[in-house]
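Chain by chain, the residues run as shown.
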Amino acid sequence: MMKKMSIPTSKISLVLFLCQIISALDVPLDSKLLEDLSQPPTITQQSPKDYIVDPRENIVIQCEAKGKPPPSFSWTRNGTHFDIDKDAQVTMKPNSGTLVINIMNGGKAEAYEGVYQCTARNERGAAISNNIVIRPSRSPLWTKEKLEPNHVREGDSLVLHCRPPVGLPPPIIFWMDNAFQRLPQSERVSQGLNGDLYFSNVQPEDTREDYICYARFNHTQTIQQKQPISVKVLSMDSLNDTIAANLSDTDIYGAKPVTERQPVLLTPTGSTSTKVELRGNVLLLECIAAGLPTPVIRWIKEGGELPANRTFFENFKKTLKIIDVSEADSGNYKCIARNTLGSVHHVISVTVKAAPYWITAPRNLVLSPGEDGTLICRANGNPKPSISWLANGVPIAIAPEDPSRKVDGDTIIFSHVQERSSAVYQCNASNEYGYLLANAFVNVLAEPPRILTPANKLYQVIADSPALLDCAYFGSPKPEIEWFKGVKGSILRGNEYVFHDNGTLEIPVAQKNSAGTYTCVARNELGKIQNEVQLEVKDPTMIIKQPEYKVIQRYGQVSFECIIKHDSTLLPTVTWLKDNDELPDDERFLVGKDNLTIMNVTDKDDGTYTCIVNTTLDSVSASAVLTVVARPNPPFDLELTGQLERSIDLSWIPGDENNSPITSFVIEYEDALHEPGVWHYQTEVPGTQTTVQLKLSPYVNYSFRVIAVNKIGRSQPSEPSEQYLTKSASPDENPANVQGIGSEPDNLVITWEPLKGFQSNGPGLQYKVSWRQKDVDDEWTSVIVANVSKYIVSGTPTFVPYEVKVQALNDLGYAPEPSEVIGHSGEDLPMVAPGNVQVHVINSTLAKVHWDPVPLKSVRGHLQGYKIYYWKVQSLSRRSRRHVEKKILTFRGNKTFGMLPGLEPYSSYKLNVRVVNGKGEGPASPDKAFKTPEGVPSSPSFLKITNPTLDSLTLEWGSPTHPNGVLTSYTLKFQPINNTHELGPLIEIRIPANESSLILKNLNYSTRYKFYFNAQTSVGSGSQITEEAVTIMDEAMASRQVDIATQGWFIGLMCAVALLILILLIVCFIRRNKGGKYPVKEKEDAHADPEIQPMKEDDGTFGEYRSLESDAEDHKPLKKGSRTPSDRTVKKEDSDDSLVDYGEGVNGQFNEDGSFIGQYSGKKEKEPAEGNESSEAPSPVNAMNSFV
């Protein structure tokens, strides 16, 4: 069973309706279809019911209609036929019913005033227009009148009447002066709805002679001007002067001064009035009052509230405006005028009437022969409108009979209609305030099915979204619609499809498998037709990397990413928006393929950035917010309050925090009296605080500034506050850092840190300096000095303690009593050297020195410590003197011993000790000599290995640079190194100390040896030096190897080996490509060849190269080459078929499964240098080539 539902308006793309009808049959607006179908006339355009025309221009009365066949047009004027052909000034446009009345060529608009109605007729019926009332606009002149000047007493009310001429439409009124400037209006002076100018009370400044009322007639674009009105306001002073001039001296005269008056309504008059307004119009109620002071107007609705969102106050609240009024707005509205002396009110009873308005307008009806239908015409109004019907413009009561038609009040019922039942019906709803006229046709058609959707139309949708496949159709009777998928598919049914009444097939959730060909079939009793459409389902567009929230500092750079994924057949376009608007036209905005970059970011770049991706089928978007942060703006509006002698309150207003919260405020001050232009830190308060109480010092001319701080940094300082000068006072504090230190043996220098300017507390800052010798019953000696920082006391004993104090004072008094400090007079050099100096040698490099301390009195100053001077006299092993370099070690405090590290073994030293004070060093103690014992020697200065032969090497060496004693012997140890870099047995030889060379014999030829060499004293062995060397090859074997290398059979063998290797590599490559693994490791384990096992160290093998035999199983990794002798000889027994003969080395790489994947490549090694450094040996090929 097909599921049917009404298609939503938003989903109708190609199917439009000619009209909405109470029937199953709709007529689409298809141009080809309409060309073939008969249709009664329909009025499509007409002039307004009340048509005011410009009398200077041609009159155009519109009447357009459509129908099939095309309708003909006729007009009535004032209820009778209007014969256009008899009036040369009137023409009708071709294929139209629009009349053009030629006024510009001699016609007069007044002659054509009247009520016009248009009729459009064809063989199917007749439609009529509204009654169109034609009236030419009028802008008459003001009638001439003599206007007397208005003399008004100050404070009285006044009304200047405009009384504009009656025009059509009514003119717009405004007041101006001779200079064409609008007169100012206020609560006191304002214009009423009737155009009059009202003065609640006049003032002397209202005196003028050019109050002019203007009337503007918009239709004719003309402005009419009234004669100027003169107003003279009589003030009380001038009025008294006038009265005095007309009275004798004996008369009592004097006008009363301006008196205040209660409010009186100027308009409307009385206490109540009525007002009728039509539904949907604007309701305007007005109250203007006189009084002194000027009254204030207030509006209320009795028994209800003024309607919200529709109520407005104009003309200084003197006019109440309610838009779009309805019957619910009826009621009593009260205006209240009030001033300080009282109030007055007026009640306006409002009744809202209504011209007819539609509840259900009749709709066109398209029926098939034999069908039933209804036309409904329902309207409302106040009073209730009457309903009347016409058929083809004729009252239905006198229209031709139609047996299928029955009138029932506001409804016409049709039963079993036939083609002759086609007609146009008019419904007229009218009451005393207006009428409504609607045309609705009944069209009876018999048509076979037609499909209006183009054949093979392609529909493209996004997966998982609805797909709407159109099948716009027409037929009478209404055809039945069926859908099939594919050319030979079965009829579509089920909940996965929705079948709409207009023929549209909806697939609510289209999937990829929904794509294909769909066939729509339309059939009725007169025929059958079908149409195919295509559906493609595309992948949705997605933003796989969306822009992210960014916080950036001002003038920085920021980027938003927008990476998308889309169907390959769709072409996406990416658009960036800022705050839902286009990006600014600024070269700083760089739009890339998948990003947006903003250079040199400013505050105005702050906002929401949206990436919108559009294709022809879908649209996706993603947004991110950019927050631009910066240092705060400086605070402003600094204010000082609560001024006291020692405190003041400072408040300020924070500047813009620039999207980064203010964390604190720093308050700084300037002392314009002592340090103008220099700002000092005062305090810091949290960022939530905007006021602080500051402590002040006397005698300072303060000004303050505030700096805001956020995470980005500090703001610029605020503007300085006003200055505040505190009163003077005696100092609160004394100088700091008071010291008494003698600079000479007979003086005492007293120093202190002077007070800063703001610490002086007043003018005349000075210091009272006092001193006396400690532990002696002396009186204080005092002196007052200027604002300085030191005072020198002369003639003091050497290095005696003194009590010292410094007190600040100014013109207003002394600071509190200062605290005392202990100082000393000047020091002198110590007089006594340390005694009983003893040296204890701990080992060959360390000694301990002891001495007796000197008496403290002999130090004559602050004991700082002792210094030991020591120097090496000579080395006992060499017995040669050298330049004496003294060394000094200082020991702080009252020490009596010290350690001497870093001594040289087996040497003779001397030392002395001196005491040190602040003045310098005392005399030295007598020199004390001591010796250090022997130590182990340093390594020999060099070891050189020369003259290599087949079985011998010559060793030469140098004695240790530092023997550190008497050398007793040398020890030589050596051992061979085999091809795998393994060490052989170690051989040791003891050599007399007087030897400097040695020849080692009976060595293996072409063998590398490692040597270890050191020296000994009686204490032990010193550090060793190592070297390596190689014996050479036998010349005969080298010659034979060269001969073999030049033989043809040897060259052929090497070529065969190379070819075999190439074949094996190709086989490996093929097997690898087929996914197999080459089982090298397994074959190595299963076929161990004794000929390619690691060589022993004495078997004469040159290196660690392995022999590659022709056996296909032996694919084994090639090892790195070993070392060769320095003379490049090669042993005779080396393998002749080694790959080394074809290059300088072998590098191979292997997979985890052992498969060979590498290449052969050469690698040169460095030559040995003088036999002192070991090096990689050259390849055998190079060795052989050297003999060629």
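Residues numbered from 1 in each chain as written. Predicted model: local features only at pLDDT ≥ 70, side-chain atom pairs only at ≥ 80, totals over all residues. Heavy atoms only, no water.

A. Spotlight on the overall build of the protein chain. A tally of helices and strands in the protein chain yields seven helices and 86 strands. Residue burial in the protein chain is summarised as follows: out of 1188 residues, 43% are buried. Taking the intrachain contacts of the protein chain between residues at least 6 apart in sequence as the baseline, contacts between residues at least 24 apart amount to 66%. Total accessible area computed for the protein chain in this model is approximately 62,200 Å², and 50% of it derives from carbon and sulfur atoms. (Helix = DSSP H or I, 4+ residues; strand = E, 2+ residues; numbered from the N terminus. Buried < 20%, exposed > 50% of the residue type's maximum accessible area, 1.4 Å probe, protein only. Contact = heavy atoms within 4.5 Å. Areas by Shrake-Rupley, 256 points an atom, 1.4 Å probe, with all protein chains shown as cover.)

B. Molecular detail of the packing of aromatic side chains. Applying the stated criterion across every chain yields a total of 21 aromatic pairs. A centroid spacing of 6.4 Å and a plane angle of 45° characterise the contact between Tyr 497 and Phe 499, whose relative ring orientation is tilted. Across the pair, Phe 499 and Tyr 497 agree in class, each one buried. Ring centres of Trp 752 and Tyr 767 lie 5.6 Å apart, and the angle between their planes is 55°; on these two criteria the pair is classed as tilted. With Trp 752 in strand 66 (residues 747-753) and Tyr 767 in strand 67 (residues 766-773), this residue pair connects regions lying 15 residues apart in the sequence. Each member of the aromatic cluster is reached from another via a ring pair, and the members are Phe 174, Phe 180 and Tyr 214. Its guanidinium or amino end placed over the ring of Phe 82, Arg 77 lies 6.0 Å from that ring's centre, counting from NZ or CZ. Across from the ring centre of Trp 780, 4.4 Å away, lies the NZ or CZ of Lys 805, which sits over that ring. (Phe/Tyr/Trp six-rings, centres within 6.5 Å; stacked < 30°, edge-to-face > 60°. Lys NZ or Arg CZ within 6 Å of the ring centre and 35° of its normal.)

C. Inspection of the sheet that holds strand 81 (residues 953-960) at higher detail. Pairing within the open sheet is antiparallel, and its three strands lie in the order 80-81-84. Strands with a single pairing partner mark the edges of an open sheet, and in this sheet they are strand 80 (940-946) and strand 84 (997-1000). Within this sheet the neighbouring strands show an average axis-to-axis angle of 15°, counted without direction. The pairing of strand 81 with strand 84 spans four bridges and is antiparallel. The residue bridging Glu 956 from the neighbouring strand is Ser 997, located in strand 84. (Pairing = 2+ DSSP bridges. Axes fitted to C-alpha atoms, helices over the stretch in contact; angles between N-to-C directions.)

D. Quick peek at the confidence of the model for the protein chain. Looking at the protein chain, pLDDT values average 84 and 84% of them are 70 or higher. For residues 1-24, every residue scores under 50 in pLDDT, and the model assigns this stretch 55 contacts once sequence neighbours within four places are set aside. Predicted confidence is poor over residues 1038-1042, with pLDDT under 50, and the contacts of this stretch with residues over four places away or in other chains come to 12 contacts. (pLDDT = per-residue confidence, 0-100.)

E. Local environment of the sheet that holds strand 55 (residues 595-598). What the three strands build is an open sheet, ordered 50-55-54; its pairing is antiparallel. With partners counted over all chains shown, the strands left at the sheet margins are strand 50 (558-561) and strand 54 (589-591), one partner each. The average angle at which neighbouring strand axes cross in this sheet is 15°, direction not considered.

F. Structural view of the state of the cysteines. All told, the structure shown has six disulfides when counted by the stated rule. Covalently, Cys 287 is tied to Cys 335 through a disulfide, its sulfur atoms 1.8 Å apart. Here the disulfide of Cys 287 and Cys 335 is left-handed, its torsion about the S-S bond being about -65°. One end of the pair, Cys 287, is in the loop between strand 23 (283-286) and strand 24 (288-292); the other, Cys 335, is in strand 28 (residues 331-339), with 48 residues separating them in the sequence. A relative accessible area of 1% places Cys 335 in the buried class. Take the cysteines of the protein chain that form disulfides and number them in order along the sequence; they join up as 1-2, 3-4, 5-6, 7-8, 9-10, 11-12. (Disulfide = S-S within 2.5 Å.)

G. Up close: the pattern of salt bridges. For the structure on display, the rule yields 35 salt bridges. Of the charged contacts, one joins Glu 904 and Lys 872 as a salt bridge, the two residues approaching to 2.2 Å between their closest N and O atoms. Note that Glu 904 is positioned in the loop between strand 77 (897-900) and strand 78 (907-916) and Lys 872 in strand 75 (residues 865-875), a separation of 32 residues in sequence. Overall, Glu 904 belongs to the partly exposed group, its relative accessible area being 29%. Between Arg 914 and Glu 921 there is a salt bridge, with the nearest N and O atoms lying 3.5 Å from each other. (Salt bridge = Lys/Arg side-chain N within 4 Å of Asp/Glu carboxyl O.)

H. Seen up close, a nonpolar patch on the surface. Residues Leu 1059, Leu 1062, Ile 1063, Ile 1066, Val 1067, Phe 1069 and Ile 1070 make up a contiguous nonpolar surface patch of about 650 Å² in total accessible area. Structurally, Ile 1066 is set in helix 5 (residues 1048-1073). With relative accessibility at 46%, the residue Ile 1066 sits in the partly exposed group. (Patch = residues over 30% accessible without salt bridge, like charges linked within 9 Å, V, L, I, M, F, W, Y side chains within 5 Å.)

I. Focus on unusual backbone geometry. Here the residue pair Thr 267 and Pro 268 is connected by a cis peptide bond, since its omega of -5° sits within 30 degrees of zero. Structurally, Pro 268 can be placed in the loop between strand 21 (261-267) and strand 22 (272-278). Pro 477 follows Ser 476 through a cis peptide bond whose omega is 5°. Inspection of the secondary structure puts Pro 477 in the loop between strand 42 (473-476) and strand 43 (480-485). Phi at His 416 is positive, roughly 45°, even though this residue is not glycine. Assignment of secondary structure puts His 416 in the loop between strand 36 (411-414) and strand 37 (423-431).

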